[in-house]
2 protein chains.
Amino acid sequence: MPLDQDTPPIRSAALAARTPVVAVVGATGAVGIELIASLESRGFPLSSLRLLASPRSAGRSLPFRGQDLPIEIMDETSLAGVDIALFSAGSAASKRFAPDAAAAGTIIVDNSSAFRMDPHVPLVVPEVNPEALAAHRNIIANPNCVAIIAAVPLAPLHAVNPIRRITAATYQAASGAGAAAMEELRASTEAYLAGRPFEPRVLAHPYAFNLFSHDAAVDPLTGDNGEETKVVMELRKILSTPDLRVGITCVRVPVLRAHTIAMTVEFDRPLSPDAAREILGAAPGIRTIDDRAANRFPMPRDATGQGDVLVGRLREDSSDPSGRSLSMLVAGDQLLKGAALNAVQIAEMLLG
Amino acid sequence: MPLDQDTPPIRSAALAARTPVVAVVGATGAVGIELIASLESRGFPLSSLRLLASPRSAGRSLPFRGQDLPIEIMDETSLAGVDIALFSAGSAASKRFAPDAAAAGTIIVDNSSAFRMDPHVPLVVPEVNPEALAAHRNIIANPNCVAIIAAVPLAPLHAVNPIRRITAATYQAASGAGAAAMEELRASTEAYLAGRPFEPRVLAHPYAFNLFSHDAAVDPLTGDNGEETKVVMELRKILSTPDLRVGITCVRVPVLRAHTIAMTVEFDRPLSPDAAREILGAAPGIRTIDDRAANRFPMPRDATGQGDVLVGRLREDSSDPSGRSLSMLVAGDQLLKGAALNAVQIAEMLLG
């Protein structure tokens with residue numbers, strides 16, 4: 001879906017002139033914690049940081065640059081005077097608070113799915129489509145974690161040799177379902193190893209040494225789940241290719257915080273693994289781990305805590321004799337490049 | 001690869017006449033234990049059971065039908081008088097002991113990859129290609145676990161609407177790498193949860209809350225690993241379709257003993273999910289778990305301890321507008337249908 005180029009963006013005039021006031025909305029969540037950490041680790045220039053959350057977190061505080069910042073309860077007045085708000089408090093909170101704040105001049109980088117497919121909202125992966133940002137109207141959407149992690153290596157290949165079709169299966173970590181799901185994975189595994197029963201509270205299925213089709217609701221007609229639909233629609237928007245054919249199966253595996261994706265990608269013309277490796281090696285935000293002799297390829301353990309997307313196992317797909325299809329394994333930290341880091345990178349672009 | 005139909009099979013004449021003497025070679029391994037359990041649970045008719053293993057297991061015994069059977073050390077004389085030997089002691093042991101024993105009249109059901117692609121050795125999944133068994137020359141191969149679990153649902157669909165192409169990604173359990181790998185998954189996870197370091201001994205990579213490309217050696221030229229090559233070659237042989245196009249990525253996940261496979265299957269003609277569900281519902285060895293409203297699909301936990309292959313998430317592949325491609329999730333117990341149970345089912349067929 002192309003962005004509307006006719007309407008000039010409403011930009012916060014203050015941003016160019018001074019060091020911004022920044023807010024993190026949903027500060028105590030798994031992504032919120034990483035947003036704060038990314039702002040700190042990247043030395044993001046800000047005059048003050050405000051941490052906002054739901055009443056559940058009242059009275060708590062979180063450290064930032066050596067200080068303990070109090071958690072404030074989010075309401076309609078919270079973003080007054082805030083230049084940039086990084087939202088990660090779920091779609092309902094984004095829909096409730098973001099439009100008014102944006103109209104009042106705060107620029108929102110929204111990690112929820114609330115506005116991603118809105119044609120007036122840029123959906124941005126800084127390494128992939130930085131040019132989309134210019135059209136924003138004070139709301140910018142941070143894509144789905146799988147869409148980001150897939151788009152980073154797909155984009156430079158697509159630019160050289162257009163992608164015709166993607167077939168993918170995911171190995172998604174607990175973190176995508178939040179901090180409580182990560183804790184449920186730990187606790188249920190501990191119980192399993194001790195021979196104790198465990199009743200799932202966060203996810204619908206047993207998680208210890210188990211896996212299951214992604215927990216997003218399944219469309220009764222198509223059979224695709226909500227996660228799969230997001231990835232398909234968002235990849236089309238990020239890659240500016242509305243007719244991109246994507247088939248994906250999203251699966252939750254017992255891994256804590258990094259997603260892995262097995263992809264088979266069909267290109268317009270033949271593309272050798274070596275040529276693809278060269279393109280990826282020159283692209284930003286990518287680290288190649290592709291050692292056939294040592295059987296060393298991207299793993300979630302490698303991706304955890306890393307900002308780069310890891311790519312490897314580049315090889316010709318043996319089911320396509322035309323030489324136009326490559327298979328690859330991709331891994332990325334769901335909380336960092338899949339969420340918090342990408343949002344902070346977008347915010348950095350706003351500073352120019 | 002078609003079996004050589006010109007040579008009549010050398011059958012053990014004794015089998016038709018009397019209750020056989022059965023041996024399990026590799027009795028103390030993960031599959032060996034399940035071979036013994038399957039012989040017991042299915043009431044396999046045998047006059048005596050002999051348990052054979054390497055010198056490492058000397059002095060041990062294992063229970064069978066209420067008795068403790070001693071483990072005997074396998075050597076060249078061990079199979080004298082044995083009618084049916086179920087081998088699961090690795091390729092080297094199969095190559096060393098099976099041909100002479102077969103020549104002496106013992107029928108071998110071999111769980112290793114040693115003879116699977118031999119044109120004179122039937123590669124049998126009883127629900128799929130029972131007719132292949134007739135051509136045996138006293139060695140019958142039990143296929144690779146992923147090939148078995150995939151073939152059970154693919155075969156009835158292929159019979160109705162020929163399969164043109166399969167794109168698959170696996171979620172493979174520790175059990176495929178043996179009992180020691182299962183123990184390493186448990187021990188390394190325990191260590192991780194306790195914050196203790198753990199040095200992998202069985203597998204090359206950390207396994208706790210991690211996953212990695214399958215540990216089979218990678219072909220330096222194609223980039224396919226040995227597991228992937230087995231699955232492709234064996235599916236072609238089992239389905240009697242030498243030109244079947246299969247692209248597969250095999251991944252080891254932190255699950256104990258059931259494999260899951262995400263498959264996208266392209267057929268000759270359009271096939272609706274409902275039509276596929278009907279075909280699968282009437283096919284042997286399959287249980288369908290496909291509840292979109294409840295988000296309930298096959299999981300390794302469901303498959304563990306079950307003889308059936310579980311199939312679900314049947315849906316049209318959204319990347320193929322022709323309606324000729326379906327996606328599905330398949331799960332099966334690696335040690336049972338993927339290995340021991342399939343071997344015992346083959347042995348049952350030998351009894352007629």
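Scroll up to find the structure this text is about.
Overview of the structure. (Residues numbered from 1 in each chain as written. Chains lettered and ligands numbered in written order. Predicted model: local features only at pLDDT ≥ 70, side-chain atom pairs only at ≥ 80, totals over all residues. Heavy atoms only, no water.)

Tallied over the full model, the rule gives 5 aromatic pairs over all chains. In this structure, Arg-313 of chain A is placed above the aromatic ring of Phe-297 of chain A, and the distance from its NZ or CZ to the ring centre is 5.4 Å. (Phe/Tyr/Trp six-rings, centres within 6.5 Å; stacked < 30°, edge-to-face > 60°. Lys NZ or Arg CZ within 6 Å of the ring centre and 35° of its normal.)

Here the focus is the environment of His-259 of chain B. All names here are of chain B. Within the secondary structure layout, His-259 lies in strand E12 (residues 258-267). Residues His-259 and Gly-332, spaced 73 residues apart in sequence, show a C-alpha to C-alpha distance of 5.6 Å. Each residue touching His-259, except ones within four places of it in the same chain, is listed here: Cys-145, Val-146, Ile-149, Tyr-171, Gln-172, Ala-173, Arg-252, Val-330, Ala-331, Gly-332 and Gln-334. A distance of 2.9 Å separates the side chain of His-259 from the backbone nitrogen of Ala-173, its partner in a polar contact. (Helix = DSSP H or I, 4+ residues; strand = E, 2+ residues; numbered from the N terminus. Contact = heavy atoms within 4.5 Å. Polar contact = N/O pair within 3.5 Å; in protein donor to acceptor, adjacent residues only side chain to side chain.)

It is worth spelling out the relation of the copies chain B and chain A at this point. Rotating chain B by 180° about the axis while translating it 0.0 Å along that axis superimposes it on chain A, leaving an RMSD of 0.0 Å. The relationship between the two copies is best expressed as a two-fold rotation axis. Most of the interface of chain B is mirrored in chain A, where 100% of its interface residues again form contacts. (Least-squares fit on C-alpha atoms with pLDDT ≥ 70 in both.)

Residue and element names in this part refer to chain A. What the 7 strands build is an open sheet, ordered E3-E4-E2-E1-E5-E6-E7; its pairing is mixed. Each end of this open sheet is capped by a strand with a single partner; those strands are strand E3 (61-64) and strand E7 (139-141). Across this sheet, the average inter-strand angle for adjacent strands is 25°, counted without regard to direction. Bridging between strand E2 (residues 48-53) and strand E4 (residues 67-73) involves 3 bridges; their strand directions are parallel. Bridge pairing in E4 places Leu-52 opposite Glu-72. (Pairing = 2+ DSSP bridges. Axes fitted to C-alpha atoms, helices over the stretch in contact; angles between N-to-C directions.)

What follows concerns the layout of surface pockets. Put simply, the largest pocket is a space of about 990 Å³. Lining the largest pocket are 43 residues, with Ser-88, Ala-89, Gly-90, Gly-176 and Gly-178 of chain B sitting closest to its centre. Here the lining of the largest pocket takes 4 residues from helix H3 (residues 91-103) of chain B, the largest share from any one element. Across the lining of the largest pocket, the residue classes break down as 16 nonpolar, 20 polar and 7 charged. Empty space within the second largest pocket amounts to approximately 570 Å³. Lining the second largest pocket are 28 residues, and of these Asn-111, Ser-112, Arg-116, Gly-176 and Lys-230 of chain A lie nearest its centre. Of all elements in the fold, only helix H2 (30-41), helix H6 (226-238) and helix H9 (336-350) of chain A reach the threshold of two or more residues within the lining of the second largest pocket. Looking at the lining of the second largest pocket, its residues break down into 8 nonpolar, 15 polar and 5 charged. (1 Å grid on protein atoms, 1.4 Å probe; cavity = no way out; pocket = protein on both sides within 12 Å on 5 of 7 lines; lining within 4 Å. Points joined across faces, edges and corners; volume = space filled by probe spheres on them. Nonpolar A, V, L, I, M, F, W, Y, C, P; charged D, E, K, R; others polar.)

That is the geometry; function is a separate question.
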